Amino acid sequence: MRHILSVLVNDQPRVLARVANLLGRRNFNIESISVGESEEPGLSRMVIVTRGDERTMEQVSKQLHKLVDVIKVQDLSSHPVVARELMLVKVGAGPSTRTEIAGIVEPFRASVVDVGSNSIMVQVTGDREKLDALLDLLRPYGIKEIARTGVTALSRGPIKVPS
Amino acid sequence: MPHPAIATDDRKEKVTEQKEYTGSEILLRCLIREGVDTLFGYPGGAVLPIYDSLYHKGIRHILARHEQGAIHMAEGYARITGKPGVVIATSGPGATNLVTGIANAQMDSIPLVCITGNVPQNLIGTDAFQEADITGITMPITKHNYFVTDVRDLPRVVKEAFVIASTGRPGPVLIDIPKDVSNAKAHLEYPEKVSIRGYQPTTDPHPLQLQKLHAAIAKAERPVILAGGGVVTSGADQELRDFAERTQIPVTTTLMGIGGFSGNHPLWMGMPGMHGTYAANHALLECDLLIGIGVRFDDRVTMGRLDKFAKGAKIAHIDIDPAEIGKNVDTYIPIVGDVKRVLQEALEGLPRSRSEGWLKRIEDWKRQYPLTFRPSEKTLKPQWLIRHLYETTGGDAIVTTDVGQHQMWVAQYFRFAKPRSFISSGGLGTMGFGFPAALGAQIADPDRLVICVTGDGGFQMTSQELAIAALENLPVKVVVVNNRCLGMVRQWQEVFYQERYSEVDLSGGPDFVKLAEAYGVKGLRARTEEEAKRVWQEALAHPGPVVIDFEVDPEENVYPMVAPGSGLDEMMMGDEET
Ligand SMILES: Cc1ncc(C[n+]2csc(CCOP(=O)(O)OP(=O)(O)O)c2C)c(N)n1
Ligand SMILES: [Mg+2]
């Protein structure tokens, strides 16, 4: 099963390396890691998307906890969650196909953020399925480059999920 | 004990808080405040400021002949005292020479504080002379590590390092100090206490889990205790004895747990696993309740065959490290806490198990399948030798071992009655560990007899530390179980590779007697039981260090043995045994 972990860590040099190193050496799968500031100064929030059965997830969480720079580990998967990813895609597009692509992009609430002579850049946010669906539609036009941020997520509602 | 001159010096300086110190002075003052009495290390460019401060400070420093020697000494010291061993090495090769020792300490939960110098910060990342990213290199093999960028952080970092190394599940902590930080000046305020937000080990057990444990014990008919290094680390040997006696549960001790439960106790079954006893392994196979105490269900015990291991048993697991619980085996009663605290609390209202019939069966197993070897008139049998060491020392000695056949024979034939007496490299299986660890142990406990049982292979990996034995007059008795080969590898080649002996012959020497003498250490040799008896007495009577070359039968193998991939039910008992 796919799990989204929200990990509060000390904003210290190498903290990303510590986490990635641990997951790698214990043979845990990483689909994506994103990291940025959190609500508390001095702490960063890492969102890790990983796969594994219950036992593996318990190990992931316990092993992460052993890192001194890890303050809190939450598995968001068993709670209502908002999970989003940002994607930028450069699609082949001449003057004739630009409007067509703009039409495809619109229902996804994506936007065209850059236009070149034979390509345009599309920006889209959403869950992974939505981003994948848009990619499938854009593929026939020729995808030149993709950059995705990986998932970031928060649990819904006012209450924090207990760790 | 801090050096008296410095202790008073420090008190005086409390008044003059204004005074500034260099990073290296701060470091040493912090170490003294932590009660560090001995440093193990080796100098070099990046730690010149630290060694300059050491020149004035007068803490005892052991100048090992190789950084690996220094760190294994620190590990031996830590395993005896329970306090962190402290090592210093320079940047680059000095730091990388520590790596094996750090990994060893991580595997065996040995408290260490490792201090390395590094190039000045303006050169970091430039592949400067003797630059190595030791923080990156040791990230997966330390409990935690620090790269100090500001001299003002140093007191807090040192304090945290000692707290992290010595509490919870102990382990190695590395502090990497670039040279400019060692030279920079700051005020010294050493914190008495630190609170580390991301580090809060659970020491007290959950009462509900203890109730479940009691209930399971009361019902159990075939219970077993598997006791590991955690018992020794937390100093819970007496609690374990009370626990086992009151519940009437038989005990098997892992390699790391040896001495945590007396080898002379009637409830003891010996070591389990790959070279374990028949009784211990069969108890693990057939038990209905398995209580793991301070163990991690390592594959040398379970053989990785979890389908066969304690198949019909409920497993209760007591450990300070929550990540160990459920890592390898499914756990019915998880109990996170310090082993000593858990056992103390568990003793209250502890029921007796229904083990009468089970204990009889185990007694039968012990009687029917004891450890055996075929004695010989002509050659010196290594098993006989270890038993002789045991019988002549009353089991009172500290024994360190290296890694290989001799290590297993010590685990099998030397009966340890007390904790912190058997010092061996368990998790990493580090050849070269035994001899420097013995020196560290002797430094930690100058009055106890320290025997290092080592192999002719392993001894050569760190024998340069004979210089330290001689200089410091550390009366360690080095027993070289000399089979002229890499015995354990040879055994595997014999059993699993149809006797294709590939690169295991060490018959080229050296002459260990002459090697000892080259360092001014007494060297002795024995080839028969008679010689062995005489020479061993001579060694014990000698007040200084001795190396004894025991030329043993090179064809002897360690039995029983379970092949990797086999279950504990498939024990090879050794066909030539009687
Ligand atoms: C540093 C290191 N290298 C290699 C090994 C693999 N190894 C395990 S036991 C062994 C043989 C050890 O030979 P010796 O020290 O003579 O001890 P014996 O088995 O003969 O008693 C070897 C090579 C190891 N454990 N550690
Ligand atoms: Mg050998």
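Residues numbered from 1 in each chain as written. Chains lettered and ligands numbered in written order. Predicted model: local features only at pLDDT ≥ 70, side-chain atom pairs only at ≥ 80, totals over all residues. Heavy atoms only, no water.

Visitor: Could you give me a rundown of the overall build of chain A, with the residues and numbers involved?
Guide: Looking only at helices and strands, one finds four helices and nine strands in chain A. When the helices and strands of chain A are placed in sequence order, the string is β-α-β-β-α-β-β-α-β-β-α-β-β. In terms of overall dimensions, chain A has C-alpha extents of about 55 × 35 × 30 Å along its principal axes. Within chain A, the fraction of its 163 residues that count as buried is 40%. (Helix = DSSP H or I, 4+ residues; strand = E, 2+ residues; numbered from the N terminus. Buried < 20%, exposed > 50% of the residue type's maximum accessible area, 1.4 Å probe, protein only.)

Visitor: Give me the lowdown on the domain arrangement of chain A, citing residues and values where you can.
Guide: Residues and elements named next belong to chain A. When cut into domains, chain A gives domain 1 (2–78) and domain 2 (82–154). Each side of the interface is counted separately: domain 1 has 11 residues, and domain 2 has eight residues. When domain 1 packs against domain 2, close to 660 Å² is buried across both sides, 57% of that on carbon and sulfur atoms. Our count for the contact surface shared by domain 1 and domain 2 stands at one salt bridge. A salt bridge links Glu31 to Arg128; its shortest N-O distance comes to 2.9 Å. The interface formed by domain 1 and domain 2 contains three residue pairs in polar contact (both at pLDDT 80 or more). Elements supplying a minimum of two residues to the side of domain 1 that touches domain 2: β1 (2–10), β2 (32–37) and β3 (43–51). Considering each element in turn, the side of domain 1 that touches domain 2 owes the most residues, four residues, to β3. Here the residues of the side of domain 1 that touches domain 2 sort into five nonpolar, two polar and four charged. (Domains from an automatic or database assignment. Contact = heavy atoms within 4.5 Å. Buried area = accessible area lost by both parts, 1.4 Å probe. Salt bridge = Lys/Arg side-chain N within 4 Å of Asp/Glu carboxyl O. Polar contact = N/O pair within 3.5 Å; in protein donor to acceptor, adjacent residues only side chain to side chain. Nonpolar A, V, L, I, M, F, W, Y, C, P; charged D, E, K, R; others polar.)

Visitor: Pulling in residues and values, what's your account of the coordination of the magnesium ion (ligand 2)?
Guide: Residues and elements named next belong to chain B. Protein coordination at the magnesium ion (ligand 2) comes from Asp456 (OD), Asn483 (OD1) and Cys485 (O), with a distance range of 2.1 to 2.2 Å. Motif for the magnesium ion (ligand 2), donor spacing along one chain: D-x26-N-x1-C. Remark: Cys485 occurs in the loop between β17 (477–482) and α22 (487–496) and Asp456 occurs in helix α20 (residues 456–462); sequence separation between them is 29 residues. (Donors = N, O, S within 2.8 Å, 3.2 Å for Na, K, Ca; no water.)

Visitor: Please provide a residue-by-residue account of the pattern of salt bridges, values included.
Guide: Residue and element names in this part refer to chain B. By the definition in use, this model includes 47 salt bridges over all chains. One salt bridge in this structure joins Glu34 and Lys159, with 3.0 Å as the shortest N-O distance. In this pair, Glu34 sits in the loop between α2 (23–33) and β2 (38–41) while Lys159 sits in helix α8 (residues 154–166), placing the two residues 125 residues apart along the sequence. Using a relative accessible area of 12% as the deciding quantity, one classes Lys159 as buried. Glu286 is the partner of Arg361 in a salt bridge, and the nearest nitrogen-oxygen pair spans 2.2 Å. Taken together, the residues Arg361 in helix α16 (residues 356–368) and Glu286 in helix α13 (residues 278–286) connect sequence positions 75 residues apart. A residue is classified by how much of its surface remains accessible, and Glu286, at 29% relative accessible area, is partly exposed.

Visitor: Which residues make up the sheet that holds strand β13 (residues 333–336) of chain B, and what values do they have?
Guide: All names here are of chain B. Spatially, β10-β9-β11-β12-β13 is the arrangement adopted by the five strands of the open sheet, whose pairing is parallel. Each end of this open sheet is capped by a strand with a single partner; those strands are β10 (251–253) and β13. For this sheet the average axis-to-axis angle between neighbouring strands, irrespective of direction, equals 15 degrees. Bridge analysis of strand β9 (residues 223–227) against β10 gives three bridges, and the strand direction is parallel. Bridge pairing links Ile225 to Val251 in β10. Taken strand by strand, helix α10 (residues 207–219) contacts β11 (289–293), β12 (314–319) and β13, and its axis lies near 135 degrees from that of β13. (Pairing = 2+ DSSP bridges. Axes fitted to C-alpha atoms, helices over the stretch in contact; angles between N-to-C directions.)

Visitor: Provide a residue-level description of the packing of aromatic side chains, including the pertinent values.
Guide: Residue and element names in this part refer to chain B. Scanning all chains against the criterion turns up 12 aromatic pairs over all chains. Note on Tyr278 and Trp365: the rings are 6.3 Å apart at their centroids and 75 degrees apart in plane angle, and the pair reads as edge-to-face. You can see Tyr278 sitting in helix α13 and its partner Trp365 sitting in helix α16, a full 87 residues away along the chain. Accessibility expressed as a relative area gives 8% for Trp365, which makes it buried. Relative to Phe459, the ring of Phe435 has its centre 5.3 Å away and its plane inclined at 80 degrees; by these criteria the two rings are edge-to-face. A residue pair is termed long-range when its members are at least 10 positions apart, and Phe435 in helix α19 (residues 434–444) and Phe459 in helix α20 qualify at 24 residues. A relative accessible area of 1% places Phe435 in the buried class. (Phe/Tyr/Trp six-rings, centres within 6.5 Å; stacked < 30°, edge-to-face > 60°.)

Visitor: Go over the sheet that holds strand β3 (residues 60–63) of chain B with me, naming the residues and quoting the values.
Guide: All names here are of chain B. Taken in spatial order, the six strands of this open sheet run β3-β2-β4-β5-β7-β6, and their pairing is parallel. Each edge of the sheet is formed by a strand with only one pairing partner; in this case those strands are β3 and β6 (144–147). With direction set aside, neighbouring strand axes in the sheet form an average angle of 20 degrees. Running at roughly 165 degrees to strand β7 (residues 172–178), α8 makes contact with β4 (85–89), β5 (112–118), β6 and β7 of the sheet.

Visitor: How would you sum up unusual backbone geometry? Please name residues and give values.
Guide: Residues and elements named next belong to chain B. Between Gly509 and the following residue, Pro510, the backbone shows a cis peptide bond with an omega angle of 15 degrees. Looking at the secondary structure, you find Pro510 in the loop between α22 and α23 (512–518). Residue Pro560 is reached from Tyr559 by a cis peptide bond, and omega for that bond is 0 degrees. Of note in the backbone geometry, Arg484 takes a positive phi value of approximately 55 degrees without being a glycine. Looking at where Arg484 falls in the secondary structure, it is placed in the loop between β17 and α22. Given a relative accessible area of 26%, Arg484 falls into the partly exposed group. Unlike most non-glycine residues, Gln498 shows phi in positive territory, near 45 degrees. Inspection of the secondary structure puts Gln498 in the loop between α22 and α23.

Visitor: Residues and numbers for the site of ligand 1, please.
Guide: Residues and elements named next belong to chain B. Taken together, 17 residues form the shell around ligand 1, and within it Gln405, Gly429, Asp456, Gly458 and Gly487 come nearest. Interatomic distance of 3.4 Å between a backbone N/O atom of Met431 and a nitrogen atom of ligand 1. Interatomic distance of 2.9 Å between a side-chain N/O atom of Asn483 and an oxygen atom of ligand 1. Of the residues belonging to the shell around ligand 1, the class tally is seven nonpolar, nine polar and one charged. (Near = heavy atom within 4 Å.)

Visitor: Give a detailed account of the domain arrangement of chain B, specifying residues and quantitative values.
Guide: All names here are of chain B. Once the domains are mapped, chain B shows domain 1 (4–189), domain 2 (207–368) and domain 3 (382–561). Domain 1 and domain 3 are separated by 31 Å when their C-alpha centres are compared. Of the residues lining the interface, 25 residues belong to domain 1; the matching set on domain 3 comes to 28 residues. The largest contributions to the domain 1 side of the interface with domain 3 come from Arg65, Arg79 and Ile80, which together make up 32% of the buried area. There are one salt bridge connecting domain 1 and domain 3. Taking the shortest distance from any N to any O, the salt bridge between Arg60 and Glu472 comes out at 2.8 Å. Linking domain 1 with domain 3 are 10 residue pairs in polar contact (both at pLDDT 80 or more), by the criterion used here. Those elements that place two or more of their residues in the side of domain 1 that touches domain 3 are β2, β3, α4 (67–81) and α6 (99–107). Considering each element in turn, the side of domain 1 that touches domain 3 owes the most residues, 11 residues, to α4.

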